[in-house]
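Report on the structure
One letter stands for each residue in the lines below.
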Amino acid sequence: MENQILQGQCKVENITLNNLNGDWVDLTNICTNVKIYESIEDVFCHGRLSIVDGLDLLKNYKIIGQESLTIRIRALDQTETDGWTNLENSIDREFRVYSVSDENVDSTFRTKTYVLHFTDPKEFIARQVRINETLRGSYSSMLINMWRKYM
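What this report covers is the structure whose coordinates are included nearby. Because the structure is predicted, anything quoted here is derived from the model rather than measured.

Notes on the overall build of the protein
Summing up its helical and strand segments, the protein has 3 helices and 7 strands in all. Start at the N end of the protein and walk to the C end: the helices and strands fall as β-β-β-β-α-β-β-β-α-α. Out of the 151 residues belonging to the protein, those deemed buried represent 29%. For the protein, the exposed area adds up to about 11,400 Å²; of that, 49% sits on carbon and sulfur atoms.

Have a look at this one:
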């Protein structure tokens, strides 16, 4: 039986998480699932990483949801001799982690599982709303009025 390449099959080469202190950690071997979503209706790519963590990175590495995430993926190609495409067809993107969810602790294996949610860093800039209006009163009353109106 010859090796068949399935549609959408790819190889994750590297997943690196950088925190605000400049420290980095390689998540390639502890990541069990990578999902990247792209839509016609949405301008930016979103995604999720499922992590099985035995080192308690949430506590020791201080993952708080403001880290940058670099993902390098290569797709399979039938034209290459080893089955993998050359580097010009690979995806090498930087994302920003905005949430950590579904945290579960498995006491049998002493591991923790959780999901890191990420998006394109340009989304944070695009979603900022500039408020241009005249406000009157004390600073606290202006802040309360703006908070109620826009939040």
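From this point on, the discussion continues.
Comments concerning the packing of aromatic side chains
Per the stated rule, a full pass over the model turns up 1 aromatic pair. Measuring from centroid to centroid gives 4.8 Å for Phe95 and Phe118, while their planes differ by 55°, and the two rings are tilted. With a gap of 23 residues between them, Phe95 in strand β6 (residues 91-106) and Phe118 in strand β7 (residues 111-119) connect regions that are remote in the sequence. Neither Phe95 nor Phe118 differs from the other in exposure class; each is buried.

Quick word on the nonpolar core
Among the nonpolar cores identified, the biggest contains 20 residues, and Leu17, Leu27, Leu49, Ile63, Leu69 and Leu116 are the most heavily contacted of them. If you list the elements that add at least two residues to this core, you get β1 (10-18), β4 (46-53), α1 (57-60), β5 (68-75), β6 and β7. With sequence-adjacent residues up to four places away left out, Ile63 is seen in contact with Leu17, Leu57, Leu58, Val100, Tyr114 and Leu116.

Remarks on the sheet that holds strand β3 (residues 31-37)
If you trace the 7 strands from one edge of the open sheet to the other, you get β2-β1-β5-β6-β7-β4-β3, paired in antiparallel fashion. Looking at which strands have only one partner, the edges of the open sheet turn out to be β2 (24-26) and β3. With direction set aside, neighbouring strand axes in the sheet form an average angle of 25°. Both β3 and β4 contribute to a ladder of 6 bridges, which runs antiparallel. The residue of β4 that forms the bridge with Ile36 is Gly47.

Rules and cut-offs
- Along every chain, residues carry numbers that run from 1 in the direction the sequence is written.
- Local features are withheld for residues below a pLDDT of 70 in this predicted model, meaning they are given only at 70 or higher, and side-chain atom pairs are given and counted only at 80 or more; totals for whole chains, interfaces and linings count all residues.
- Think of the side-chain values as coming from all heavy atoms in the structure, minus any hydrogens and water.
- In DSSP terms, a helix is any run of H or I states spanning at least four residues, a strand is any run of E spanning at least two, and both are numbered starting from the N terminus.
- Type-normalised accessible area, obtained with a 1.4 Å probe on protein chains alone, sets the label of each residue: buried when under 20%, exposed when over 50%, and partly exposed for intermediate values.
- We get accessible surface area from the Shrake-Rupley algorithm with a probe of 1.4 Å; when it comes to residues, only the shown protein chains can shield them.
- Each pair of aromatic rings taken from Phe, Tyr and Trp, with Trp reduced to its six-membered ring, is defined by centres within 6.5 Å and is described as stacked if the planes are under 30 degrees apart, edge-to-face if over 60, and tilted in the remaining cases.
- Only buried residues count toward a nonpolar core. Its members are Ala, Val, Leu, Ile, Met, Phe, Trp, Tyr and Cys residues joined through side-chain atoms within 4.5 Å.
- Contacts are residue-level and defined by heavy atoms, with any inter-residue pair within 4.5 Å sufficient.
- For two strands to pair, DSSP has to find at least two bridges joining them.
- Here an angle of 0 to 180 degrees is reported between the N-to-C directions of two axes, which are lines fitted to C-alpha atoms, with helices fitted over the stretch in contact.

Note that all results are geometric; they support no functional claim without further evidence.
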